[in-house]
Amino acid sequence: MLDAAALQKACRMSPAKAVWLLSLPLLALFGISLHVQGGIVSGFQALLAPSFGSTNEVLLYYAWWPRIGVALLAGGGLALAGVLMQQVLRNPLASPTTLGVASGANLALLATTLMAPGLLVIGREWVALIGGGLAVGLVFALTWRRGLAPVVVVLAGLVVNLYLGALSTALLLFNHETLAGLLIWGAGSLAQNGWSGVATLWPHLAISAVAAGLLLRPLAVLELDDASAKSLGISLKYLRFAGLGLAVFITGSVVSVVGIIGFIGLAAPNIVRMAGARRLGSRILWSTLLGAVLLATTDLLLQRFSGMLTTLVPTGAITGALGAPLLLWLIPRLKLQGDRPPQPPGMLVSRHPTPYRLAMGLLIALSMAVCLGLLSGQGANGWEWISPAHWQVMEWRLPRVIAAAASGLMLAIAGTVLQRLSANPMASPEVLGISGGCAIALILGIYVLPAPSNAALIGIGTLGALTTLAVLVILNRRSGFVPERLLLSGVAIGALFDAVRSVLLAGGDPRGQQVIAWLAGSTYYVDVTSAVVVGSIAAVLAVITLPFTRWLDILPLGAPMAQALGVSLNRARLGLLLLVALLTACATLVVGPLSFIGLLAPHMARLVGFSRARQQLVGAALIGMLLMVLADWVGRQIMFPYEIPAGLVASLIGGAYFMWGLRRL
């Protein structure tokens with residue numbers, strides 16, 4: 001008889017078994033689709049020897065079969081790029097879109113459509129490829145002096161992504177009707193009208209597969225720490241450049257043909273790794289196959305039910321909507337190494353000899369920014385300074401300044417706590433999924449309810465945030481809230497949010513512009529009562545955070561060290577998770593799911609000299625408030641009487657400063 005250990009080993013999911021099981025729906029949908037269109041035999045006949053006198057065979061040959069081919073190639077390519085990114089950057093949250101390829105391609109298409117539409121004659125795919133290439137070139141230029149160190153590359157890629165994404169959102173906000181058609185491409189569309197997409201992709205991916213095979217053994221060395229790898233005589237800079245360059249080439253090729261499909265390259269490598277694929281060669285093989293299977297299955301399912309939908313739904317959006325529940329279901333069931341000793345973080349740290357003097361300087365700057373936001377601005381007679389007693393104007397400005405400062409405070413603290421809890425530089429409040437769940441509920445409330453009041457929307461958003469938190473706790477309670485599982489769960493929930501947003505915005509509904517403005521971080525709808533409430537909540541939560549600083553100093557040292565120092569991991573992780581959830585939900589209800597403040601304010605605090613947990617919390621909070629208050633004022637004045645949302649301006653101002661600081665290191 002088999003003992004318990006042997007039985008558990010026999011039942012354990014393997015990469016091959018996971019890919020095979022997930023291939024069964026693909027095979028079933030493949031057969032059903034061909035059967036509906038005339039039968040499997042006639043379907044293959046249309047592929048191999050089409051009769052151009054038959055409309056059905058012409059459609060199969062020029063539309064259905066090329067679409068299947070592009071889905072398989074694009075899915076496999078994105079998964080391969082994801083494996084390479086995660087291997088080189090040593091981060092399970094890295095994906096093909098990490099280095100700004102997709103955001104650069106999207107911005108290039110938007111700008112070209114508005115300013116130089118004649119360039120689109122050369123081909124939309126070339127414009128997208130050039131834009132993506134320029135974005136990645138900027139990332140490499142920012143990080144070359146640091147030897148393309150993984151943490152620095154990740155941060156540079158994230159800030160370039162956010163910066164270019166903010167520019168794209170600004171263009172969409174002011175030219176929504178003109179650019180609405182590109183929202184479908186931006187969400188990933190596999191529709192084909194010939195074999196040109198397949199002809200473009202397969203040579204690129206074949207070359208990439210050969211190159212990945214040649215790099216297999218050198219890239220495996222990156223699993224070692226830098227010192228061990230250098231002792232083998234390997235140039236880490238050029239090895240990383242080769243691995244990242246190959247991943248970027250694959251991503252650019254796929255994005256230029258089918259648009260932005262972000263979830264496959266993140267999910268497929270993590271699923272096969274959780275299923276037991278540890279060696280790089282195994283991860284590359286099974287991830288590529290699984291990526292092809294996931295995208296093709298999603299697209300066939302979408303084609304099967306597209307006739308029931310009243311609007312055109314992009315495949316990329318549905319991929320996240322279907323793949324996210326799959327990842328959520330698999331995370332508790334598959335093995336994931338979560339409490340390993342932390343890698344050398346390589347964080348951007350610049351110790352300041354007098355951090356409290358620096359904090360005082362930031363506080364003075366914040367006070368000046370508040371005065372500027374309240375007392376200075378443009379009116380009917382141009383620029384003017386007003387008296388604090390001028391309540392008719394202060395009644396409008398004061399809530400916005402309070403809301404901006406409060407949201408910056410809460411997101412910065414949440415980002416600091418989450419990055420220290422997970423020891424992951426890519427961690428931020430929206431990665432945890434709380435803001436995504438809140439945003440899904442709010443967007444659905446805007447679209448479903450006829451005329452929702454602010455109170456109703458706040459209630460709906462709170463319910464969405466609480467539901468998301470409950471899902472996270474249920475999925476991670478048995479594993480002890482291991483940070484890696486926690487972040488992957490949040491990424492899956494965030495993918496659901498992206499899917500809902502993409503589907504709704506691609507539908508062309510006029511309310512889409514209101515949603516874009518809210519997503520960009522606008523304080524326009526905040527009144528005095530709401531501002532006082534959110535300001536009070538922010539102050540209370542900030543004070544509550546301070547007693548947790550001991551945990552935040554110890555947890556980045558790793559689970560064994562934390563337990564040796566008497567920290568109860570489950571209690572500490574759950575308590576910090578609840579705190580992050582509260583901070584994120586309250587901020588999201590006010591200004592939307594801002595990406596920038598919670599991600600980069602903690603890094604900016606380190607960059608200027610705050611290193612210990614308490615210092616970093618204070619520094620990040622001051623920087624977050626300062627950025628948001630300044631951004632809100634600049635957004636109100638720069639295009640007066642029109643406004644740019646504070647979240648966009650914060651991304652542009654903070655992103656420019658961070659790239660400048662990164663280049664100087």
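Chains are numbered independently. Their residues run from 1 in the order of the written sequence. Note on the predicted model: pLDDT of at least 70 is required for a residue's local features to be given, and 80 or more for side-chain atom pairs to be given and counted; whole-chain, interface and lining totals, by contrast, use all residues. Just so you know, side-chain values use all the structure's heavy atoms and leave hydrogens and water out.

J.: In this structure, what is going on with the overall build of the chain? I would like to understand it.
T.: The helix and strand tally for the chain stands at 28 helices and 2 strands. Three exposure classes are used, based on accessible area relative to the maximum for each residue type with a 1.4 Å probe and protein chains only: buried under 20%, partly exposed in between, and exposed over 50%. When each of the 665 residues of the chain is scored for burial, the buried share is 56%. In the chain, 78% of the contacts between residues at least 6 apart in sequence involve partners at least 24 apart. Only carbon and sulfur atoms are counted for the fraction: they give 67% of the accessible area of the chain, which is about 27,600 Å². Here a helix means four or more residues in a row that DSSP labels H or I, a strand means two or more in a row labelled E, and each is numbered from the N terminus. A contact between two residues is defined here by any heavy atoms of the two lying within 4.5 Å. Accessible areas in this description were obtained via Shrake-Rupley with a 1.4 Å probe; residue shielding takes into account the shown protein chains only.

J.: Would you mind going over helix α6 (residues 124-143) with me for this structure?
T.: Note that an α-helix has 3.6 residues per turn; residues three or four places apart therefore point the same way. Compared with an ideal rise of 1.5 Å per residue, which puts 20 residues at 28 Å, α6 spans 29 Å between its outermost C-alpha atoms and is within 8% of the ideal. Restricting attention to buried positions, one finds in α6 the residues Val127, Ala128, Gly131, Gly132, Ala135, Val136, Val139, Phe140, Leu142 and Thr143. A helix is expected to span 1.5 Å for every residue after the first.

J.: So what exactly am I meant to see when it comes to the pattern of salt bridges here?
T.: Side chains bearing opposite charge may pair, as long as their charged atoms lie close to each other. We define a salt bridge as a side-chain nitrogen of Lys or Arg found within 4 Å of a carboxyl oxygen belonging to Asp or Glu. For the structure on display, the rule yields 3 salt bridges. Measuring nitrogen to oxygen at the nearest pair gives 3.5 Å for the salt bridge that ties Asp632 to Arg400. Residue Asp632 is located in helix α27 (residues 613-637), and its partner Arg400 is located in helix α17 (residues 391-422); the two are separated by 232 residues in the primary sequence. Each of the two residues, Asp632 as well as Arg400, counts as buried. For the salt bridge of Arg636 with Asp632, the shortest nitrogen-to-oxygen distance reads 3.2 Å. Residue Arg636 and its partner Asp632 are located together in helix α27, separated by 4 residues, close to a single helical turn. Accessibility expressed as a relative area gives 2% for Asp632, which makes it buried. Within this structure, Arg400, Asp632 and Arg636 form a network of salt bridges that share partners.

J.: Explain a nonpolar patch on the surface to me, please; I cannot follow it from the model alone.
T.: A patch consists of residues whose relative accessible area exceeds 30% and which take part in no salt bridge; residues with like charges are grouped when within 9 Å of each other, and nonpolar side chains (Val, Leu, Ile, Met, Phe, Trp, Tyr) when within 5 Å. On the surface, Trp20, Leu21, Leu24 and Leu27 cluster together to form a nonpolar patch covering roughly 400 Å² of accessible area. Tracing the chain through its elements places Trp20 in helix α2 (residues 15-36).

J.: Quick question: what am I supposed to make of the environment of Leu328 here?
T.: Its location among the elements puts Leu328 in helix α15 (residues 315-330). For Leu328 and Leu475, which are 147 residues apart along the polypeptide, the C-alpha to C-alpha distance reads 7.7 Å. If near-sequence neighbours (up to four positions away) are discounted, Leu328 is found in contact with Leu475, Ser489, Ala492 and Ile493.

J.: Looking at this structure, how should I read empty space enclosed by the protein?
T.: Buriedness of a pocket was judged along seven lines, with at least five required to meet protein on both sides within 12 Å; pockets are open sets of points on a 1 Å grid over the protein atoms alone, cavities are sets where a 1.4 Å probe fits but cannot get out, and lining residues have an atom within 4 Å of a point. Grid points are joined across faces, edges and corners, and a volume is the space filled by probe spheres set on the points. Enumeration according to the criterion identifies 2 cavities of 30 Å³ or more in this entry. What the second largest cavity holds in volume is close to 40 Å³. Taken together, Leu78, Pro96, Thr97, Ala102, Thr251, Val254, Val255, Gly259, Ile260 and Ile261 make up the full set of residues lining the second largest cavity. Per element, the largest residue contribution to the lining of the second largest cavity is 3 residues, and it comes from helix α12 (residues 236-258). Looking at the lining of the second largest cavity residue by residue, the class counts come to 7 nonpolar, 3 polar and no charged. Following the grouping adopted for this structure description, the nonpolar residues are Ala, Val, Leu, Ile, Met, Phe, Trp, Tyr, Cys and Pro, the charged ones are Asp, Glu, Lys and Arg, and the polar ones are all others, Gly among them.

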